[in-house]
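Chain residues, written in single-letter form:
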Amino acid sequence: MMHSIKNYKLIHLFNSFFTTKRGRGYKDAGFTFEVRLKNVEEKYPQEIHLEKVPEYLSKVKASAFREELKADEVLITADTVVCIHDRILGKPADRKEAISMLRELSGNRHLVVTGVSVTTRTEQLSFSSRTDVFFKHLSNEEIIFYVDTYKPFDKAGAYGIQEWIGYIGIERIEGSFYNVMGLPIQKLYETLRKLQFQ
């Protein structure tokens, strides 16, 4: 099990908060890490293809912190989007919007893309991971129960695959499960290995 990369200290940067699901992914993969918080404005050019947005934003987040990195630190930044019908579903503003999003996802395939940047003082490696997610037809009662019980207002697309809605509503996925959770651990591991051997 690899606990360090070239004796780097792993740092994960979030623009506002550190999610427990990503933290659990790091720990389960055997990494030791430190969390540092910084507010970053998540803006992207409108002409960028939807699937390129998360990787672009991961680089924006990294650039806000890169100058503060020490020689023995590696920064990991990530962003995840849910795409359906050629548009991005962000985090719902309220109950009404969460219900509306889940109704749109119900019975349809949608795309989850996570962009990740691995950054040191001298290098940056970035990648994207994509997963197709297929929801069954959700009843109105199922949607309302989930929203009122789990309050998914901090989640892109208004759902978490690791929660009740994932167990009963997702028929199948094509791609990485952990990508839908917000951190494609396998690709991150391989990217860190590339950094180690460069």
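Residues numbered from 1 in each chain as written. Predicted model: local features only at pLDDT ≥ 70, side-chain atom pairs only at ≥ 80, totals over all residues. Heavy atoms only, no water.

Peer 1: Give me the lowdown on the pairing of strand 6 (residues 124-135), citing residues and values where you can.
Peer 2: It is a general feature of regular strands that their side chains alternate between the two faces of the sheet. One ladder, built from 11 bridges, connects strand 5 (residues 109-119) with strand 6; its direction is antiparallel. When the sheet's bridge partners are listed, glycine 115 is paired in strand 6 with serine 128. From the end of strand 5 to the start of strand 6, which pair antiparallel, there are 4 residues. Taken together, the 4 bridges between strand 6 and strand 7 (residues 170-174) define a ladder with antiparallel strand orientation. Bridge pairing in strand 7 places valine 133 opposite isoleucine 173. (Pairing = 2+ DSSP bridges. Helix = DSSP H or I, 4+ residues; strand = E, 2+ residues; numbered from the N terminus.)

Peer 1: Give a detailed account of the nonpolar core, specifying residues and quantitative values.
Peer 2: Core analysis: the biggest nonpolar cluster contains 23 residues, and Leu102, Leu105, Phe135, Val147 and Tyr159 have the highest contact counts within it. When contributions to this core are tallied by element, the ones reaching two or more residues are strand 3 (73-84), helix 3 (95-105), strand 6, helix 4 (140-150) and helix 6 (177-181). Broken down by element, this core gets its largest block of residues, 5 residues, from helix 3. Ignoring sequence-local partners within four residues, the contact set of valine 147 consists of Arg95, Ala98, Ile99, Leu102, Pro152 and Phe153. (Core = buried A, V, L, I, M, F, W, Y, C linked by side-chain atoms within 4.5 Å. Buried < 20%, exposed > 50% of the residue type's maximum accessible area, 1.4 Å probe, protein only. Contact = heavy atoms within 4.5 Å.)

Peer 1: Kindly report on the layout of surface pockets, identifying the contributing residues and their values.
Peer 2: Computed from the structure, the second largest pocket encloses a volume of approximately 270 Å³. Contributing to the lining of the second largest pocket are His49, Leu50, Glu51, Cys83, Ile84, His85, Asp86, Asn108, Arg109, His110, Leu111 and Arg130. Of all the secondary-structure elements, those providing two or more residues to the lining of the second largest pocket are strand 3 and strand 5. With 3 residues, the single largest contributor to the lining of the second largest pocket is strand 5. (1 Å grid on protein atoms, 1.4 Å probe; cavity = no way out; pocket = protein on both sides within 12 Å on 5 of 7 lines; lining within 4 Å. Points joined across faces, edges and corners; volume = space filled by probe spheres on them.)

Peer 1: Break down the pattern of salt bridges for me, citing the residues and quoting the values.
Peer 2: All chains considered together, the criterion is met by 13 salt bridges. Notably, a salt bridge pairs lysine 61 with aspartate 79, separated by 3.2 Å at the nearest N-O pair. Taken as a pair, lysine 61 in helix 2 (residues 53-63) and aspartate 79 in strand 3 lie far apart in primary sequence, 18 residues in all. Exposure class is identical for lysine 61 and aspartate 79. Each is buried. Residue aspartate 132 pairs with arginine 109 through a salt bridge whose shortest N-O separation is 3.0 Å. Pair noted here: aspartate 132 is in strand 6 and arginine 109 is in strand 5, with a separation of 23 residues, a long-range link. Overall, the relative accessible area of 11% leaves aspartate 132 in the buried class. (Salt bridge = Lys/Arg side-chain N within 4 Å of Asp/Glu carboxyl O.)

Peer 1: Account for helix 3, with residues named and values stated.
Peer 2: The complete set of buried residues in helix 3 reads Ala98, Ile99, Met101, Leu102, Glu104 and Leu105. In this structure, the buried residues of helix 3 make contact with strand 3, strand 4 (87-89), strand 5, strand 6 and helix 4. Where helix 3 begins, the side chain of aspartate 94 points an oxygen toward the backbone nitrogen of lysine 96, at a separation of 3.3 Å. The first or second residue beyond helix 3 is glycine 107, which carries a positive phi of 75°. (Polar contact = N/O pair within 3.5 Å; in protein donor to acceptor, adjacent residues only side chain to side chain.)

Peer 1: I'd love a proper account of the confidence of the model for the chain, names of residues and values included.
Peer 2: On average, residues of the chain score 86 in pLDDT, and 82% of them are at 70 or above. Segment residues 1-6 is flagged for pLDDT under 50; beyond a separation of four residues in sequence, or across chains, it makes 16 contacts in the model. When the criterion is pLDDT under 50, residues 14-18 qualifies, and its contacts beyond four places in sequence or with other chains add up to 21 contacts. (pLDDT = per-residue confidence, 0-100.)

Peer 1: Can you tell me about the side chain of glutamate 104, naming the residues and giving the values?
Peer 2: Relative to the helices and strands, glutamate 104 is located in helix 3. Classification of glutamate 104 by relative accessible area gives buried; the value is 18%. Non-local contacts of glutamate 104, meaning those with residues more than four positions away in its chain, are made with Ile84, His85, Arg87 and Leu89.

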